[in-house]
Amino acid sequence: MRPDDRKYTQTHEWVKADGDTMLFGITDFAVKELSNGNDSDLVYCDLPEPGRALVAGETFGEIESVKAVSDLNAPVSGEVLEVNTHIEEHLEVLSKDPWNAGWMVRVKPTTKSLEGLLDAAAYEKHVASQKH
Amino acid sequence: MITTWRAAPAFNMALDQALLESVGAAPTLRFYTWKPETLSLGYFQRVAEVPAAQKTRIVVRRITGGGAIHHANELTFSLAADQTHPLYDCAIGESYARIHRALAVALAEFGVTAELRGERPLASDRDDTGMCFHASTALDLVWNERKGVGSAQRRKHGRVLHHGSIKLDTTPLEGDIATLAATAPGLSAETLAPRVRAAFERELGLAFEASVPDFDERQRTKELAPHFVDPAFVKRR
């Protein structure tokens with residue numbers, strides 16, 4: 001079971017409230033899909049600069065594995081306050097700990113509502129419905 | 001299915017992005033060639049890591065990942081579809097394997113026995129060229145112990161764009177790779193394309209109709225084209 005202290009998107013990002021801010025990251029499923037269990041398959045990750053305004057459902061960054069470049073989609077709208085730049089040079093963190101050390105950006109959300117996002121149980125079902 | 005032979009480099013890249021963004025569209029297979037010949041960088045590649053970029057007059061940056069490709073003596077194709085389409089409704093690696101298995105069927109018609117690389121090094125593997133054909137993964141399509149098809153994907157907003165380059169012959173910037181020159185000398189991209197289309201239809205259960213980009217796709221292509229030759233994008237890394 002994945003952490004139930006956060007919400008999830010259909011495109012395999014997570015968002016977690018942390019005080020007045022929110023943290024974004026990607027799930028273990030997303031990491032496995034990109035890396036096939038091989039850390040070195042993850043090649044690059046581009047994250048936004050602090051101050052950038054993000055829109056829910058729109059791209060906030062990009063990640064490349066040896067197989068594909070994929071967009072990272074913002075679960076909620078808000079302003080980027082802080083970026084986990086450590087990830088950009090240490091992509092293996094995403095495989096080892098996608099839920100904590102693997103956070104990508106800290107955002108000041110425009111709303112605290114997480115309506116429309118999946119809870120852990122719904123995300124589990126979503127992942128199970130993927131044919132792979 | 002769209003064919004655009006001897007098209008401008010910026011147009012080639014812009015139309016592929018427009019097809020990627022064409023949400024809900026039926027799978028679109030596109031075949032094309034380049035005029036003039038062009039070097040394309042992978043989305044995240046550093047220009048400094050691709051010595052061939054200094055030897056080529058025209059350089060673009062793709063929206064797909066991977067290494068640089070010298071677009072000469074090749075058939076280039078793209079295959080865009082929703083991620084939920086049966087073609088792409090699978091793990092990323094499996095989508096490569098599906099496309100490559102279908103390509104292998106087409107290539108067999110031209111005397112080549114192509115297979116997925118698997119866990120072995122290739123004679124075409126090189127360090128420090130930054131070229132796609134000189135780096136390989138287990139899912140690459142190979143023959144004669146060399147990489148013969150360059151492949152890369154972009155996934156955006158529920159859509160997938162798969163890029164492929166099939167080499168008809170070597171180029172000065174991509175020596176010692178697998179091509180069709182030995183078994184099918186003089187083969188043209190225009191002759192190979194219909195056989196690849198037929199193999200994709202048969203092996204992947206798809207049906208393509210000859211078409212042209214729709215109005216929105218043409219407009220988007222015009223908007224996007226300058227971006228792909230803009231030094232701010234091409235030399236951004």
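Details of the structure are given in the entry above.
Here the structure is a predicted model, which means the values were calculated and not measured.

Further remarks concern the overall build of chain A. Tallying secondary structure elements over chain A gives four helices and nine strands in all. Starting at the N terminus and walking to the C terminus, you meet the elements of chain A as β-β-β-α-β-β-β-β-β-α-α-β-α. When the backbone C-alpha atoms are referred to their principal axes, chain A occupies close to 35 × 30 × 20 Å. Per-residue burial for chain A yields a buried fraction of 51% across its 132 residues. The long-range fraction of contacts in chain A, counting pairs at least 24 apart against all pairs at least 6 apart in sequence, stands at 63%. Counting only carbon and sulfur atoms, one obtains 48% of the accessible surface of chain A, whose full area is about 6100 Å². Taken as two groups, the 13 positive and 24 negative side-chain charges of chain A have centres that lie 6 Å from each other.

Attention now moves to the sheet that holds strand β6 (residues 59-65) of chain A. Across the sheet, which stays open at both edges, the eight strands sit in the order β4(A)-β6(A)-β7(A)-β10(B)-β11(B)-β6(B)-β2(B)-β1(B) with mixed pairing between neighbours. The sheet is open, and its two edges are formed by β4 (42-46) of chain A together with β1 (2-7) of chain B, each paired on a single side. Geometrically, the sheet is characterised by an average inter-axis angle of 15° between neighbouring strands, direction not taken into account. Bridge count between strand β2 (residues 28-34) of chain B and strand β6 (residues 74-82) of chain B: five bridges; the pairing is antiparallel. Paired with Leu29 of chain B across the strands is Leu79 of chain B, a residue of β6 of chain B. Packing against the sheet, helix α1 (residues 28-35) of chain A makes contact with β4, β6 and β7 (68-73) of chain A together with β10 (149-156) of chain B, and its axis sits at approximately 130° to β4 of chain A. In this fold helix α3 (residues 189-204) of chain B packs onto β1, β2, β6 and β11 (159-167) of chain B, with an angle of close to 30° to the strand it touches most, β6 of chain B.

Once that is clear, we can look at the packing of helix α1 (residues 9-20) of chain B against helix α4 (residues 215-229) of chain B. To describe two helices that pack against each other, one gives the angle between their axes and the distance between the axes. Residues and elements named next belong to chain B. Packing of α1 against α4 brings their axes to within 7 Å, and their N-to-C directions diverge by 130°. What the angle tells us is that α1 and α4 run oblique. Here α1 and α4 pass one another in a crossing that is right-handed. Packed against α1, whose contacting residues are Ala10, Phe11, Met13, Ala14, Leu15, Gln17, Ala18 and Leu19, the element α4 presents Glu217, Arg220, Thr221, Leu224, Ala225, Phe228 and Val229 at the interface. The residue makeup of the contact of α1 with α4, split by class, is 11 nonpolar, two polar and two charged.

This part covers the side chain of Lys147 of chain B. Positionally, Lys147 of chain B belongs in strand β9 (residues 146-147). At 3.4 Å, the side chain of Lys147 of chain B forms a polar contact with the side chain of Asp140 of chain B.

Let us now look at the interface of chain A and chain B. Chain A puts 19 residues into the contact, and the matching count from chain B is 23 residues. With both chains or domains summed, chain A and chain B bury close to 1700 Å², and 50% of this area falls on carbon and sulfur atoms. Per-residue buried area on chain A facing chain B is highest for Tyr44, Lys67 and Val69 of chain A; these three make up 34% of the total on that side. The salt bridge involving Lys156 of chain B is made with Asp71 of chain A; its shortest N-O contact spans 3.0 Å. Joining chain A to chain B, the criterion identifies 11 residue pairs in polar contact (both at pLDDT 80 or more).

All chains considered together, the criterion is met by 29 salt bridges over all chains. Here Arg106 of chain A ties to Asp18 of chain A by a salt bridge, and the two come within 2.7 Å at their closest N and O atoms. Taken as a pair, Arg106 of chain A in strand β9 (residues 105-109) and Asp18 of chain A in strand β2 (residues 13-18) lie far apart in primary sequence, 88 residues in all. Its relative accessible area of 35% is what places Asp18 of chain A among the partly exposed residues. In this structure, the salt-bridge partner of Arg146 of chain B is Asp176 of chain B, at a minimum N-O distance of 2.8 Å. Placement of Arg146 of chain B in strand β9 and of Asp176 of chain B in the loop between β11 and α3 is noted, with a sequence separation of 30 residues between them. A relative accessible area of 22% means that Arg146 of chain B is categorised as partly exposed. For Asp176 of chain B, a relative accessible area of 33% gives the class partly exposed. Taken together, the shared-partner salt bridges connect Glu62 and Asp71 of chain A together with Arg154 and Lys156 of chain B into one network.

Here is what the cut-offs are and how they apply
Residues numbered from 1 in each chain as written. Chains lettered and ligands numbered in written order. Predicted model: local features only at pLDDT ≥ 70, side-chain atom pairs only at ≥ 80, totals over all residues. Heavy atoms only, no water. Helix = DSSP H or I, 4+ residues; strand = E, 2+ residues; numbered from the N terminus. Buried < 20%, exposed > 50% of the residue type's maximum accessible area, 1.4 Å probe, protein only. Contact = heavy atoms within 4.5 Å. Areas by Shrake-Rupley, 256 points an atom, 1.4 Å probe, with all protein chains shown as cover. Lys, Arg positive; Asp, Glu negative; His and termini not counted. Charge placed at Lys NZ, Arg CZ, Asp CG, Glu CD. Pairing = 2+ DSSP bridges. Axes fitted to C-alpha atoms, helices over the stretch in contact; angles between N-to-C directions. Parallel < 35°, antiparallel > 145°, perpendicular 65-115°, else oblique. Left-handed = near helix turned anticlockwise from the far one by under 90°. Nonpolar A, V, L, I, M, F, W, Y, C, P; charged D, E, K, R; others polar. Polar contact = N/O pair within 3.5 Å; in protein donor to acceptor, adjacent residues only side chain to side chain. Buried area = accessible area lost by both parts, 1.4 Å probe. Salt bridge = Lys/Arg side-chain N within 4 Å of Asp/Glu carboxyl O.

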